[in-house]
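Listed below are the residues making up each chain.
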Amino acid sequence: KNRVEAVVGFYEVGEEQNPDDVGKCSREWSTYYLGLFLPYLAPLCLGGLCVLLHFTCCFVACCRCCRRCICCKERGEPRYSSKSKVIFVLALWIGVAVSLFGIGITVNALAFTMHATIDWQLCTGFQLVEEAIYGTTRMRYLGTSRALGNLEEMASTLDFDNDVTKLIRTTFQETGEFAKQQDKLQKRLSHFEDVLKMSGPGFRAFEHRCVFCSLAIGDPQNVIIGFPQTGLLPALMSELNASSSQSMVQIRSYISDVFIGPGLEDLASRVKRAIGAMNILDSALRVSLVETWAQRLPSIDVIESLRIAFFVCLGFLSTVAAVIGTLSFFITKVRARALPDRAPSGKVHCCSWCCLLFFVASGALLLTGVLILFTVFAGEGCIFLRREVFNHEGIARYADLLGLRPTPGGGTAPSKAVRDASAYAAVEIARSCFASNGTGDMLLALGLGKSLEFQPPLSDALYKLDGLVAKPALGERSAEYVEILRDAASRFGGMFTLDPLPVASPATTLDSRSATVANGTLGILALNPNVGMLMIGSTLVPEKVTGPDGRFKEGLNSFASLIAGPGKYTFLHGTAGGGYIITPDLPSASELAALPPTTQNALLYGRAKEHLLASNRSFRCDTLDEEGNSEVRLCGVSAFKDFVSQEVALMQKQMDAASAEARRVEHYFLSDLRADLISVLRRIKELRTLSNCRFLWARIEALDQALCEDVAPNVATSCVNLMALASVAAVGTIIQYKVWRHLKDNKVVGQELARFETTHSRFSLRIQELEDERQRREIQLKAEHQQALEEGFTADGTKIKDDDGT
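Please read all numbers here as calculations on a predicted model, not as lab measurements. (Residues numbered from 1 in each chain as written. Predicted model: local features only at pLDDT ≥ 70, side-chain atom pairs only at ≥ 80, totals over all residues. Heavy atoms only, no water.)

Q: So what's going on with the overall build of the protein? Residues and values would help.
A: Within the protein, the secondary structure is distributed over 26 helices and 10 strands. The buried share among the 806 residues of the protein stands at 44%. Considering only residue pairs separated by 6 or more positions, the protein has 75% of its internal contacts joining residues 24 or more positions apart. When the accessible area of the protein is evaluated, it comes to approximately 40,800 Å², of which 59% is carbon and sulfur surface. (Helix = DSSP H or I, 4+ residues; strand = E, 2+ residues; numbered from the N terminus. Buried < 20%, exposed > 50% of the residue type's maximum accessible area, 1.4 Å probe, protein only. Contact = heavy atoms within 4.5 Å. Areas by Shrake-Rupley, 256 points an atom, 1.4 Å probe, with all protein chains shown as cover.)

Below you can see the structure in the form of structure tokens.
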């Protein structure tokens, strides 16, 4: 647990803040900053001390009185260094110069390397800002700003008093009769299909197959050219499902479920909550990414330009200092050789340490201090964000600090309950987009995943209706299929052909919905190979008839002649032939036993024909009342034919009514309702298809990589290089200063001694001249005095008196 986590976790911002807690939080942050500055403020302090020392040394260099202070006292006499000391200083300086030159070049290179990493970090940051808030077409994401706009437009459309919802309610009321007729048509078709399936291709009534049922609902084993392979009724229903009337039914059904009644209330409440959540997230992103980062780009650019200039200047000054410092030793050596009796000047050495190395050392220390503080704070922040914030639990734990909480009375939600729900949804969105284990599904986080599933089918129905407006309301081929169905009902409604199934086939039993019918199953029996193919497929009418495929089907009369030859057998319902009359129970079992097997089997099939003709409970002829309720009815062959003809007529009548209603109400769906619905559906489609924000986690990782793996290590490397540069520059400063001071003292003291000696010589000579003049004067005075004495005068020319006063 690092120090940032400890401080951030100390106090979480809530709706109601205790001033004491806020004060404690401020003190925790102050303690954190103080603890951060104390150990890492040393380079800044050293840099400031170096600046002050630079001023002091400059005063020493400029003012001799400063050099006479105790701490900087100059020498009393010239002093010359030993050869070993000179070699040591030169060797030490060569190492310093090489280090200065190499580190200077490295610092210059780091200036631009670091600039590239900072540019990349800023690029990833601005990419995250741009894509998270404003979306991206490349990643098919619309962004929080556009999503919020779409949700607000949806909320406006879903308002109960909105013109769109009023138009939807009007359309729904005016198309009630249309929906009723369409529902009755669907029920009529479904009822007819269900009844025919009970007598269809998989069912055998006394070994006979319903030919019309195969044509109406399809029979893969008996495909007739010229009829739909799937069957007339499925083809007709498919045509109806692809028609404009069915599109209107779908549109009406969806607007009823979504835009009217409880569906409207539920969707509107969910959208309002989603608006609150998206508003919170959008505001949080703008505050955390735009206002605290993107808007400060000019300042960042200025700071980065200054940093590059500082780095380049330090690198350039260090290389120049290395060159000038080296040249200073060479120049000093040349001057010493040229004028061996004079102390060489140390001005070049002074330029090296005063104008270059001191600036390099102090600048490197100051810049190192600033960068170290940034590196430490960035490193702790990276660890904190990685481990604590950007995961499923961390986003919820630090939701307040991330701005994922609405302010009380902020207008994003009317009540505390709704604000809490919006805040929870905002946290869920942030988890799905910015957590390492997020799903990326914004709609699921907003609670709109299933609520907006109506959009694709409703949009398809609207666009489909627009393309079908010029076509028949019930489909292009519906009338054709109905006409074929009517003709098939009249021609083949009573046609049942001999087509036995294997005994084990479960299709020989009636549907569970039907009543039990006495239907003994014979299965596939062996017939005379010469006439068996003619017997299979024979019908229940006396004479031959033409089937749907255009081929003749054997009747009862011809079937009887095929059993054992003409005149041997005849059917009870037949019209020709002679001999034994075949009834449902005759020939009897004892009579059949005496016949050949193939004849037995043919007679069994003949008895089955008579059974079917005599039965009035072999088929289902269920009726459908006006309310759509089905009534079970069993019927025979003749009644079944009437039933199918009647059902086709009723179906035709219902189709005419439904078509008339569809034409009457289609203008409701093609007017302003379509334009308004298309607009809001386009917004919903954007939300559904452009709301996967999982890629934002990759942007977070890229930003983390740029900041924590590129910028921070480069800054740390720069700190190490700058600290090394400061250390080497400090050593170089000391060397150059000591050499300059040595030369300066030698030169100044030597010059003073020379001037003193000259002055002393002149003064001594003058003293000697004065002494000689004095001595000469004394001699002269003595001589004059002696002469005066001899002449009897005093020194002032007075005559000397005798003892007697004369």
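Q: A description of the side chain of Q181 should follow, citing residues and the corresponding values.
A: On the secondary structure map, Q181 appears in helix α8 (residues 176-198). In this view, Q181 contacts Q654, A657, A658 and E661; residues no more than four positions away in its chain are not counted.

Q: Before we move on, can you summarise the packing of aromatic side chains with the specific residues and values?
A: Considering all chains together, one arrives at 13 aromatic pairs under this definition. Ring centres 6.3 Å apart and planes at 75° place the aromatic pair F192 and F643 in the edge-to-face group. Note that F192 is positioned in helix α8 and F643 in helix α24 (residues 637-670), a separation of 451 residues in sequence. Taken individually, F192 and F643 each receive the classification buried, so the pair is uniform in this respect. Seen in terms of ring centroids, Y569 and Y580 are 6.2 Å apart; in terms of plane orientation they differ by 70°. Their pairing is edge-to-face. With Y569 in strand β5 (residues 569-571) and Y580 in strand β6 (residues 580-582), this pair connects stretches of sequence that are 11 residues apart. Each residue in the set F192, F212, F496, F619, F640 and F643 is aromatic and connected to the rest through ring pairs, giving one cluster. Over the aromatic face of F311 sits the side chain of R307, whose NZ or CZ is 4.9 Å from the ring centroid. A cation sits over an aromatic face here: K609 above F559, 5.1 Å from the ring centre. (Phe/Tyr/Trp six-rings, centres within 6.5 Å; stacked < 30°, edge-to-face > 60°. Lys NZ or Arg CZ within 6 Å of the ring centre and 35° of its normal.)

Q: I'd like to hear about the state of the cysteines, residue by residue, with values.
A: Note: disulfide means a covalent bond formed between the sulfur atoms of two cysteine side chains. In the structure shown here, the tally under the stated rule is four disulfides. Linked covalently through their sulfurs, C210 and C213 form a disulfide whose S-S length is 2.5 Å. On the S-S bond that ties C210 to C213, the torsion sits near 75°, and the link is right-handed. Covalently, C621 is tied to C635 through a disulfide, its sulfur atoms 1.7 Å apart. Of note, the bridge from C621 to C635 carries an S-S torsion of about 50° and is right-handed in sense. Highlighted residues: C621 in the loop between β7 (619-620) and β8 (623-624) and C635 in strand β10 (residues 634-635), separated in sequence by 14 residues. For C621, a relative accessible area of 1% translates into the label buried. Residue class for C635 comes out buried when judged on its relative accessible area of 3%. Summary of cysteine pairing: C351 is not part of a disulfide, and the nearest cysteine sulfur, belonging to C355, is at 4.4 Å. (Disulfide = S-S within 2.5 Å.)

Q: Just give me the short version of the confidence of the model for the protein, but keep the residues and values in it.
A: Residue-level pLDDT values for the protein average 83, and 87% of them are 70 or greater. Segment residues 10-17 is flagged for pLDDT under 50; beyond a separation of four residues in sequence, or across chains, it makes 20 contacts in the model. Confidence over residues 505-519 falls short of pLDDT 50; this stretch has 37 contacts with residues more than four positions distant or in other chains. (pLDDT = per-residue confidence, 0-100.)

Q: Describe helix α10 (residues 232-241), listing the residues and the values that go with them.
A: The buried fraction of α10 amounts to seven of the 10 residues, a majority that puts the element mostly inside the structure. For α10, the secondary structure elements touched by its buried residues are α8, α9 (211-217), α11 (244-258), α19 (478-492) and α24.

Q: So what's going on with the environment of L402? Residues and values would help.
A: Checked against the element boundaries, L402 lands in the loop between α15 (392-397) and α16 (416-434). L402 sits 114 residues away from S288 along the chain, and the two C-alpha atoms are 7.6 Å apart.

Q: Kindly report on the pattern of salt bridges, identifying the contributing residues and their values.
A: Applying the stated criterion to the full structure yields 28 salt bridges. Close ionic contact of E131 with R699 constitutes a salt bridge, the shortest N to O distance being 2.6 Å. Of this pair, E131 sits in helix α5 (residues 83-134) while R699 sits in helix α26 (residues 695-791); the two residues are 568 residues apart in sequence, bridging distant segments of the chain. Here E131 and R699 have matching classes, each one buried. In this structure, D622 engages R620 in a salt bridge whose closest nitrogen and oxygen atoms are separated by 2.5 Å. Salt bridges linked by common partners bring R204, R209 and D499 together as one network. (Salt bridge = Lys/Arg side-chain N within 4 Å of Asp/Glu carboxyl O.)

Q: Residues and numbers for the packing of helix α12 (residues 262-291) against α16, please.
A: Running from N to C, α12 and α16 cross one another at 60°; their axes reach a closest spacing of 8 Å. It follows from the interaxial angle that α12 and α16 lie oblique. As α12 runs across α16, the sense of the crossing is right-handed. Every residue of α16 that contacts α12 at R273, G276, A277, M278, I280, L281 and L285 is listed here: A421, S422, A423, A425, A426, I429, A430 and F434. The residue inventory of the contact of α12 with α16, partitioned by class, reads 12 nonpolar, two polar and one charged. (Axes fitted to C-alpha atoms, helices over the stretch in contact; angles between N-to-C directions. Parallel < 35°, antiparallel > 145°, perpendicular 65-115°, else oblique. Left-handed = near helix turned anticlockwise from the far one by under 90°. Nonpolar A, V, L, I, M, F, W, Y, C, P; charged D, E, K, R; others polar.)

Q: Tell me what's going on with the nonpolar core, and back it up with residues and numbers.
A: L151 and F434 are the most contacted members of the largest nonpolar core, which has 77 residues in total. Here the element with the most residues in this core is α12; it accounts for 14 residues. In terms of nonpolar packing, the next biggest core, distinct from the first, is built from 46 residues, F192, L196, A205 and F206 among them. (Core = buried A, V, L, I, M, F, W, Y, C linked by side-chain atoms within 4.5 Å.)

Q: Give me the lowdown on α19, citing residues and values where you can.
A: One turn of an α-helix holds 3.6 residues; hence residues three or four places apart share an orientation. In this model α19 runs 20 Å from its N-terminal to its C-terminal C-alpha over 15 residues, within 8% of the 21 Å that 1.5 Å per residue would give. Every buried residue of α19 is accounted for by S478, Y481, V482, L485, A488, A489 and F492. For α19, the buried positions fall inside an angular range of 130° around the axis, keeping them on one side. Packing partners of the buried residues in α19 comprise α8, α9, α10, β3 (545-546) and α24. (Expected span 1.5 Å × (residues − 1). Arc of directions from axis to C-beta.)

Q: Could you give me a rundown of empty space enclosed by the protein, with the residues and numbers involved?
A: Evaluated as defined, the whole model comprises one cavity of 30 Å³ or more. For the largest cavity, the full set of lining residues is S214, L215, G218, D219, N222, V223, I224, F227, P228 and Q229. (1 Å grid on protein atoms, 1.4 Å probe; cavity = no way out; pocket = protein on both sides within 12 Å on 5 of 7 lines; lining within 4 Å. Points joined across faces, edges and corners; volume = space filled by probe spheres on them.)

Q: Tell me about unusual backbone geometry, and please be specific about residues and values.
A: Of the consecutive residues L586 and P587, the connecting peptide bond is found in the cis state with omega at 0°. By secondary structure assignment, the location of P587 is in the loop between β6 and α22 (589-593). Although it is not a glycine, E207 sits at a positive phi angle of roughly 70°. Topologically, E207 is positioned in the loop between α8 and β1 (208-210). In this structure E207 comes out as buried when scored by relative accessible area, which is 3%.

Q: Kindly report on the packing of helix α13 (residues 297-338) against helix α14 (residues 347-389), identifying the contributing residues and their values.
A: Viewed as axis vectors pointing N to C, α13 and α14 meet at an angle of 155°, and their least axial separation amounts to 9 Å. Here α13 is positioned roughly antiparallel relative to α14, judged by the angle of their axes. For the pair α13 and α14, the crossing hand works out as left-handed. Classifying every residue of the contact of α13 with α14 gives 17 nonpolar, seven polar and no charged.

Q: So what's going on with the side chain of R674? Residues and values would help.
A: Position of R674 relative to the elements: it lies in helix α25 (residues 672-689). Within the local environment of R674, its side chain forms a polar contact with the side chain of D466, the two groups lying 3.5 Å apart. The residues contacting R674, other than those within four sequence positions of it, are L462, Y463, D466 and F669. (Polar contact = N/O pair within 3.5 Å; in protein donor to acceptor, adjacent residues only side chain to side chain.)

Q: Can you break down the environment of V418 residue by residue, with the values?
A: In this structure, V418 sits in helix α16. Residues V418 and R273, 145 residues apart in the sequence, show an inter-C-alpha distance of 6.8 Å.

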